[in-house]
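# Report on the structure
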Amino acid sequence: MKHLFSQNDIDICVVGGGPAGLEAAIVAAELGAKVLIIDDNPVLGGQLIKQTHKFFGSKAHYCGVRGIDIARVLAGKAIELGISVMNNATVVGYYDDDILGVLHDDTLSAVKAKRYVIATGASENMLAFDNADLPGVYGAGAVQTMMNVFGVVPGKRAVAIGSGNIGLIVPYQLLQAGVEVAAIVEIMDRVGGYYVHAAKIKRCGVPIYLKHTIVAAQGKDRVEAAVISKVGPDYSCLLGTEMTIACDIILIAIGLSPLCDLLYHAGCRIDYIPELGGNVPYHDENMMTSRPNIYVCGDLACIEEASTAMLEGRIAGARACESLFGKGSEEDAVADEAAHELEVIRQSPFEARIVSGKKQRERDIIR
Amino acid sequence: MSDYIVDHPILKFERGKKVKFFFEGREIEGYEDQPIAAALHAAGIRVLSYSEKLGRPRGFFCAVGKCSSCLMEVDGRGNVMVCMEPLREGMQVRRQKGRGKV
C-alpha cells in the first residue's frame, strides 16, 4: 500500500466533506492545523448540494440561505484556507497504527494523521412491504439527488412514505421539477416535520394521509402503483381500508441511520440509542469517541439536521486541535460558542428526542 | 434526449458534453461525467440488475454510493456502482445477473 499522507503532512484528517466535516476542517485549519478532507463525491458539500430549500435558524447559521449555496460557501472557505482535499476517494478501512485505507482511482493507499474527525453522515432507511425491491422504490434523498444534482426527471407521479422534513420537502421539490405528487403517507396521527413545510405542500393540493402506511408496491418490472392502508392504534393495517394509488415512483422518507462502519472497524464503542438514530458512536461533550484520537460530528453522531451538524463539526474541529496543540483560549472560545448555540437550538420541542438521547449517552458514562 | 429537467425555478444545470454509450448493446446518449445511473434513468431505463436467487428486477435505491442496489457490469467489469461511476464515451453497460464477475 502506497503511503499518500503521513503524520508529518497531516495533523487532522476529516472523513466526509458534508456540512459537519467541512466545518470541522475549516475550524481546525483556522486554528493552525494541517487538514486533509477525504470525500467520496466529486464535489464537496455532502448532501447540501441537493438541498434547494432555505434554512431556518439564526443568521449566523445561514438562515434564509439555500443548502446548495451553503455548500459553495463552505467549500470555498476550505479551499481558501489551503485544506487538502481528496475527492472521489472512499475510506475503506481503519488499520493498525491508526492508518486509513483509502480507495482512489482503483488504487488503495494509506493515509495517516495525528487526529481523525469522522463525519461520514448517514444512509436512508428502507421499509419492508410487498415488492419493496421493485425499481421505482427509491430513497427520498436518491430522488432529490437525481433531480436537483443531475437534473433528471425522476418520474411522472410520486407517492411519498413518511412526513418528516425530508418527506415534506422532497415532494415540494418534485412539484418544482414538474412531477405530480399523488400523496404523502404518514403512519402517525400527526405530521412529523415542521408545520411550515407541511402547510406549503398542502397548499399545493397534495393530500397527507395520516394513520396510513404502505402495504405493497405494484408493477411488473417497475412501480406502477402503491397500495396504502389505514392503521389501527397498534399500527397494524386495517383490512378492507386498502387504497391503490397509481404512481411510478415511491419515495421512502422514514429516516436515516448513522454510517458507523469505519468506527466499528476502528474499535470505537458504539451504543444503541434510538433517539439518536440507532447505533451511534459513543462521544463525549467534546465529540471525542472512546478512542482519544478519533472525533465524530454530524449525522454520524446523531441524526439531526445540517445546522446542528455544522455546530458539532466546529466543536469536533476545535477540540481535536486542542488535543494536539494543548489547551488554548482560542480553541475553547470556538468550541464553547458552538456548544452554546447548540444548546439554544436544542431547546426547540422538535429537539426533545435528541436531548433525551444525548442524556442517555451521559448516563452511560456514569455507569 | 429524454427525461431531463429544462426549466427549474431555482436550479440551472450544467451538463458535460453529449456522449454515446451502450446499454445491453443498444446505443444511448448521455452526458459525460454524469453518473451512469442518471443517464440510464433519463433514458427511461429502470431495471439495472436481477437478483441472485429469484431473478427479481432491481433498480437503484440511495443514488449516493451507499446501498449497492445499483451494481452493473461496465466494460466487462462486474459490481460497478453506477450511481457513482461517471459516464464515458463508448462505455458498454450491461444488467448484472446475480453476483458480478470479479
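Here the structure is a predicted model, which means the values were calculated and not measured.

## Focus on the overall build of chain B
The helix and strand tally for chain B stands at one helix and eight strands. Reading the secondary structure of chain B in the N-to-C direction produces β-β-α-β-β-β-β-β-β. Its C-alpha radius of gyration of 14 Å places chain B within 12% of the 13 Å reference for a compact globule of 102 residues. Residue burial in chain B is summarised as follows: out of 102 residues, 37% are buried.

## Some points on the domain arrangement of chain A
Residue and element names in this part refer to chain A. What the domain assignment reports for chain A is domain 1 (2-123 + 256-366) and domain 2 (126-252). Inter-centroid distance (C-alpha atoms) of domain 1 to domain 2 is 31 Å. Partitioning the side of domain 1 that touches domain 2 into residue classes produces one nonpolar, three polar and one charged.

## Looking at the pairing of strand E2 (residues 26-31) of chain B
Residues and elements named next belong to chain B. Summarising the sheet, strand E1 (residues 18-23) and E2 pair through six bridges and their orientation is antiparallel. Along E2, the bridge assignment pairs Val 19 with Gly 30. Here E1 folds back onto E2 in antiparallel fashion, the turn holding two residues, of which Glu 24 has a positive phi close to 50°.

## Examining helix H2 (residues 67-80) of chain A
Residues and elements named next belong to chain A. Its 14 residues give H2 an end-to-end C-alpha distance of 20 Å, which sits within 8% of 20 Å, the value for a rise of 1.5 Å per residue. Turning to H2, its buried residues number three or more, namely Gly 67, Ile 70, Ala 71, Leu 74, Ala 75 and Ala 78. Across the axial projection of H2, the buried residues extend over an arc of 125°, all falling on one side. Opposite its buried face, H2 presents the exposed residues Gly 76, Ile 79 and Glu 80, each directed more than 90 degrees away. Where the residues of H2 are buried, they touch helix H1 (19-30), strand E3 (35-38), strand E4 (84-86) and helix H7 (306-325). Of the residues trailing H2, Gly 82 is marked for its positive phi of about 75°.

## A look at the sheet that holds strand E6 (residues 77-81) of chain B
Residues and elements named next belong to chain B. Spatially, E2-E1-E7-E5-E6 is the arrangement adopted by the five strands of the open sheet, whose pairing is mixed. The sheet is open, and its two borders are formed by E2 and E6, each paired with just one other strand. Across this sheet, the average inter-strand angle for adjacent strands is 40°, counted without regard to direction. For strand E5 (residues 71-74) and E6, the ladder comprises three bridges, and the chain directions are antiparallel. Across the sheet, Val 74 pairs through a bridge with Arg 77, a residue of E6.

## Examining unusual backbone geometry
One non-glycine residue, Met 287 of chain A, lies in the positive phi region at around 70°. With respect to the helices and strands, Met 287 of chain A occurs in the loop between strand E20 (278-281) and strand E21 (294-296). A residue is classified by how many C-beta atoms lie within 10 Å of it, and Met 287 of chain A, with 30 of them, is buried. Not every positive phi belongs to a glycine, and Ser 68 of chain B is a case in point at roughly 60°. Position of Ser 68 of chain B among the secondary structure elements: in the loop between strand E4 (57-58) and E5.

## Things to note about the sheet that holds E4 of chain B
Across a sheet, paired strands are connected by hydrogen bonds in the backbone, their directions being either parallel or antiparallel. Residues and elements named next belong to chain B. Strand order across the open sheet formed by three strands is E4-E3-E8, with mixed pairing between neighbours. A strand with exactly one partner marks an edge of an open sheet, and here the two such strands are E4 and strand E8 (96-97). Looking at chain direction, strand E3 (residues 49-50) and E4 are connected through two bridges and run antiparallel. Counterpart to Tyr 50 in the pairing with E4 is Pro 57.

## A short note on the confidence of the model for chain B
A residue-level look at chain B finds 98% of positions with pLDDT of 70 or above and a mean pLDDT of 95. For this predicted complex, the interface confidence comes out at an ipTM of 0.96, alongside a pTM of 0.94.

Cut-off values and rules
Residues numbered from 1 in each chain as written. Chains lettered and ligands numbered in written order. Predicted model: local features only at pLDDT ≥ 70, side-chain atom pairs only at ≥ 80, totals over all residues. Helix = DSSP H or I, 4+ residues; strand = E, 2+ residues; numbered from the N terminus. Rg over C-alpha atoms; globule rule 2.2 N^0.38 Å. Buried ≥ 20, exposed ≤ 12 C-beta atoms within 10 Å, placed from the backbone. Domains from an automatic or database assignment. Nonpolar A, V, L, I, M, F, W, Y, C, P; charged D, E, K, R; others polar. Pairing = 2+ DSSP bridges. Expected span 1.5 Å × (residues − 1). Arc of directions from axis to C-beta. Contact = placed C-beta atoms within 7 Å. Axes fitted to C-alpha atoms, helices over the stretch in contact; angles between N-to-C directions. pLDDT = per-residue confidence, 0-100.

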